[in-house]
Amino acid sequence: MTTERRKLIIDTDTASDDAVALLMALRDPSVEVIAITVVAGNVPLPQAVQNALYTVEFAGSTVPVYAGCAAPLTQKLHTAEVVHGQDGMGDIGLPIGGRTPAPGHAVDVLAELIEAHEPGELTLVTLGPLTNIGILLSRHPEYATRLREVVIMGGTGDGVGNITAAAEFNIWVDPEAAAILYQAGTKLTQVGWDISRKYATFTKEQADQVRRVGRLGKFAMDIQARVNEFALTGTKLVGFDLPDPIAMAVALDPSVATDMPFLNVVIELHGEHTRGATVVDHSGYTGRERNTHVVLEASRDRFVEMLERLLAD
Ligand code: BDR
Ligand code: CA
């Protein structure tokens, strides 16, 4: 008996942790990645596209990579080379560059793919700012309910930000685009930075254990070189964290999330100190309609087991 593989599209601002999430999905036999769409975020769009192409090639995959939006909807682009390195991939001297993305703009390709599939057939995993998705849904609001689910790496379930006191990077880079998605009526699962901070940090010893699973494991850990330095001075975590991989783990196996209530989440667009925050109504106080499955706890053991299993070669 053959079970049909779930079809995934991944939208990514490919840098060091995105690359690991891409590898996980490309290696998971239970899903079929049908397209990778790229958006500006961690690094400018051309670099993010090259990073995605390099990663796909490194994984031995031929999944098409499409370039999307180069700037957020209303504000200028803020990048994060200080976190991920100048090339976004840890500055470890990888031969990145010179590869060619598939023809077509990511937003058009997303529309074509949604049209070409049955409602509920496609799962979208977003690992970067939500610009491509915001434009798609503002052009085609009806697509919101044609997707099976959108799993978002973004926001925070506990209100602790990583780019401001209140906001997480992906949402903060393009809050207007995020607001479109959160109001669209799609089934949403949010895996925020709090989940990465609490369940997806890696000390040198823990990273060495992943390195030992083989070539992909070594690559996945080596490209965190700059994030590892940033963890000491910026996030002040015990080791570096892997936000996109733990979000991908939840997308691949929802049982990685061990507490995931259905709550109302709105994106703060105006606050002087809170722009880009995901305001989660934990108590139901506002009476606003629930729109997001917010992951509040996850299993580190299941995540690490999945990471090592999928990267083993
Ligand atoms: C998110 O921002 C980026 O730095 C990472 O790739 C991840 O998608 C974490 O806040
Ligand atoms: Ca990312």
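Residues numbered from 1 in each chain as written. Chains lettered and ligands numbered in written order. Predicted model: local features only at pLDDT ≥ 70, side-chain atom pairs only at ≥ 80, totals over all residues. Heavy atoms only, no water.

*Asks:* Any chance you could break down the overall build of the chain for me, citing the residues and the numbers?
*Replies:* In terms of regular secondary structure, the chain is built from 13 helices and 13 strands. Whereas a compact globule of 313 residues would reach a radius of gyration of roughly 20 Å, the chain reaches 18 Å, a difference of no more than 12%. Projected onto its principal axes, the C-alpha positions of the chain cover 50 × 45 × 45 Å. Across the 313 residues in the chain, those meeting the buried criterion constitute 59%. Counting contacts in the chain only where the partners sit at least 6 residues apart, residues at least 24 apart contribute 83% of the total. (Helix = DSSP H or I, 4+ residues; strand = E, 2+ residues; numbered from the N terminus. Rg over C-alpha atoms; globule rule 2.2 N^0.38 Å. Buried < 20%, exposed > 50% of the residue type's maximum accessible area, 1.4 Å probe, protein only. Contact = heavy atoms within 4.5 Å.)

*Asks:* Provide a residue-level description of the side chain of glutamate 81, including the pertinent values.
*Replies:* Within the secondary structure layout, glutamate 81 lies in helix H3 (residues 81-84). For the buried glutamate 81, no salt bridge exists, and the shortest N-O distance to an oppositely charged side chain is 10 Å, to lysine 76. Apart from the residues within four sequence positions on either side, glutamate 81 is in contact with Asn42, Val43, Pro44 and Gln86. (Lys, Arg positive; Asp, Glu negative; His and termini not counted. Salt bridge = Lys/Arg side-chain N within 4 Å of Asp/Glu carboxyl O.)

*Asks:* Talk me through the coordination of the calcium ion (ligand 2); I want residue IDs and the actual numbers.
*Replies:* Between any two of four tetrahedral donors, the ideal angle at the metal is 109.5 degrees; between two of six octahedral donors, it is 90 or 180 degrees. Around the calcium ion (ligand 2), the protein contributes the donor atoms Asp13 (OD), Asp18 (OD), Asp18 (OD), Leu127 (O) and Asp244 (OD), which lie 2.2 to 2.6 Å from the metal centre. Every donor residue of the calcium ion (ligand 2) comes from the same chain, spaced as D-x4-D-x108-L-x116-D. One end of the pair, aspartate 13, is in the loop between strand E1 (6-12) and helix H1 (16-27); the other, leucine 127, is in the loop between strand E4 (122-126) and helix H5 (131-139), with 114 residues separating them in the sequence. In this pair, the class of aspartate 13 matches that of leucine 127, namely buried. (Donors = N, O, S within 2.8 Å, 3.2 Å for Na, K, Ca; no water.)

*Asks:* Give a description of the nonpolar core that names residues and reports values.
*Replies:* Of all hydrophobic cores here, the largest spans 73 residues; its most connected members are Met24, Ile36, Met248, Phe303, Leu307 and Leu311. Per element, the largest residue contribution to this core is eight residues, and it comes from helix H2 (residues 45-58). Beyond its immediate sequence surroundings of up to four residues, methionine 248 is in contact with Leu8, Ile10, Ala21, Met24, Ala25, Val125 and Leu127. Residues Ile34, Cys69, Val109 and Ala179 belong to the second largest nonpolar core, which totals 38 residues. (Core = buried A, V, L, I, M, F, W, Y, C linked by side-chain atoms within 4.5 Å.)

*Asks:* How would you summarise the pattern of salt bridges if you had to cite specific residues and measurements?
*Replies:* This model, assessed by the stated rule, comprises 14 salt bridges. Two residues, glutamate 176 and arginine 275, come together in a salt bridge whose shortest N-O distance is 2.9 Å. Of this pair, glutamate 176 sits in helix H7 (residues 175-182) while arginine 275 sits in the loop between strand E10 (262-267) and strand E11 (278-281), and the two are 99 residues apart along the sequence. Linking aspartate 222 and arginine 211 is a salt bridge whose minimum nitrogen-to-oxygen distance equals 2.9 Å. Taken together, the residues span a long stretch of sequence, with aspartate 222 in helix H10 (residues 215-222) and arginine 211 in helix H9 (residues 204-211) at a distance of eleven residues. Looking at arginine 211, the relative accessible area reads 26%, which means it is partly exposed. Shared partners join several salt bridges into a network, and the residues in it are Lys204, Asp208, Arg211, Lys218 and Asp222.

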